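# Structural description and commentary
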Amino acid sequence: MLRRTYSILAAALLAAFSLPAFAQSGEYSSYSPYSIFGVGNLPHSYSAYNYSMGGVGVASRNHRYLNTMNPAAVAVRDSLALMIDFSVFNTNTIYRQTYDGNSYKSANNNTNIGGFAVSFPIWNKLAMVIGMRPYSSIGYNFAMKETDPHVIAANGNIEYSGAGEGSLYNIFGGLSLAPGKRFSIGAEAEYIFGKVEKNYAQNFVSTGYNEVRDDYTLTLNAFTGKFGVQYEQPVGKDFSLTFGATYQLAARVGGFNEYSRYSSGSVQNIIINSYSDTLRKVSPAIYLAGELGVGIAFEVKGKFRGEFDYLRSDWTRSGMDSAKGFCASGAPQSFATSVRESYRMGFEYVPNLNDVRYYGKRIAYRAGAYYNKDYFTVAGNTVNSAGITLGATLPVFRWYNGVTVMVDIGQRGPFKGDLVRENYFRVGVGANLFDIWFQKPRYN
């Protein structure tokens, strides 16, 4: 019998700021000038629990927490346990850019939900998980002026601008089986969906010409699946090594791309061209890349755990380099798909999980680090991100209920050249809820 119902409500904090070549105005659930390309920014992690250790989780095998990074980890649990995980992240970002010989700086703050998942037993060795998490986010607004004197002499001052916003979400459900004490397998089905709006405009400031504007509305969906395995090998009495692997299938993008080009001015708006494409019928096809993840973890039973993960996804055949609405036409820099890679490591230390006198000894302390290469390049430059994470899970009430808090201090963007560099400070809070189902009292 389910004795508790957990209801969680969250709201997004929206912000606005500006830069010379990339300038934001309006309200967005997230912001980054690099989200102009493809399907936008992909999240580093969904859960504060995973994030507090640098984003590891492929080889995490821990019955106290719900780990959705590897479907095989869901079966590692108390056979009667209901487990819930929910996270919220707040990101403060400082943007720096050297543009046209000048240095610029601005800032942004936003809050977003990381993910929500519920897991419960189906059978003694079989468990199920369902949930929802972000897949990508888009938020940008740039404005720049024509600097070519010959163009200005012929047409007057011209201003180019573009803006975009939207998100894709991932609803998932999976099963995980532990046929043996050391081995588990899992699989989940995923449905990705969302809506993205992008527009680009050319405005003749000092003449009587109308503005020319291109609008794209992308209503996207895709079906995919993810598979995972984990194997734990004892090494001595209190030590063990865990090996994990995951593979997410590539997914063909469906939905619609609605496009319109029109000329707007003081007298009237004139539609120059418009169409609506069914994306599953366009050629070449557009894909969300598959992803391979491998990890290894070392654990001292109930005391210490360290893990290293590597994730790789190849976006070079996604078709987004030339697909209208995806390829960032009108952007001040050229974008191209590449291979996305992530190197992550994390550590967890619990002084004494069962200590009844000192609360601090039951806290799980964590630290981690990561280095990522994004799935695109900008003007031939790799977009990297690197950072360190710190966090802890504070026990609450009985069982393994807890509140996880974490911070991420990092930097994103090409580490050279005149492109925008993002320095961010991210704070996350997660709820790890644990309950026992179907207890039958006995009376003597």
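Preceding this section is the structure that the text describes.
The model shown is predicted, which means the values in this text are computed figures rather than measured ones. (Residues numbered from 1 in each chain as written. Predicted model: local features only at pLDDT ≥ 70, side-chain atom pairs only at ≥ 80, totals over all residues. Heavy atoms only, no water.)

## Considering the pattern of salt bridges
Under the counting rule described, the total for this entry stands at 15 salt bridges. With a shortest N-O distance of 2.8 Å, R261 and D214 are connected by a salt bridge. Here R261, found in strand β9 (residues 254-264), pairs with D214, found in strand β6 (residues 211-234); they are 47 residues apart in sequence, far enough to count as distant. On the basis of relative accessible area, R261 is assigned to the partly exposed category, the value being 33%. On the accessibility criterion, D214 (12% relative accessible area) is buried. (Salt bridge = Lys/Arg side-chain N within 4 Å of Asp/Glu carboxyl O. Helix = DSSP H or I, 4+ residues; strand = E, 2+ residues; numbered from the N terminus. Buried < 20%, exposed > 50% of the residue type's maximum accessible area, 1.4 Å probe, protein only.)

## Let's talk about the nonpolar core
Among soluble globular proteins, nonpolar side chains are generally buried collectively. Of all hydrophobic cores here, the largest spans 39 residues; its most connected members are I36, V39, L288 and W315. Of all the elements in the fold, those that place two or more residues in this core are β3 (126-145), β5 (183-204), β6 and β16 (364-378). The residues contacting I36, other than those within four sequence positions of it, are Y140, F142, K198, Y200, F326, A328, A331 and F335. Within the second largest apolar cluster, 10 residues are counted, among which are L66, M83, A127 and I436. (Core = buried A, V, L, I, M, F, W, Y, C linked by side-chain atoms within 4.5 Å. Contact = heavy atoms within 4.5 Å.)

## Thoughts on the packing of aromatic side chains
Using the criterion set out here, one finds 21 aromatic pairs in the structure. Aromatic side chains F239 and F298 sit 6.0 Å apart centroid to centroid with 25° between the ring planes, which places their arrangement in the stacked category. Within this pair, whereas F239 is found in strand β7 (residues 239-248), its partner F298 is found in strand β12 (residues 291-300), the two being separated by 59 residues in sequence. With relative accessibility at 39%, the residue F239 sits in the partly exposed group. Ring geometry for Y343 and Y371: centres 6.4 Å apart, planes at 35°, overall tilted. (Phe/Tyr/Trp six-rings, centres within 6.5 Å; stacked < 30°, edge-to-face > 60°.)

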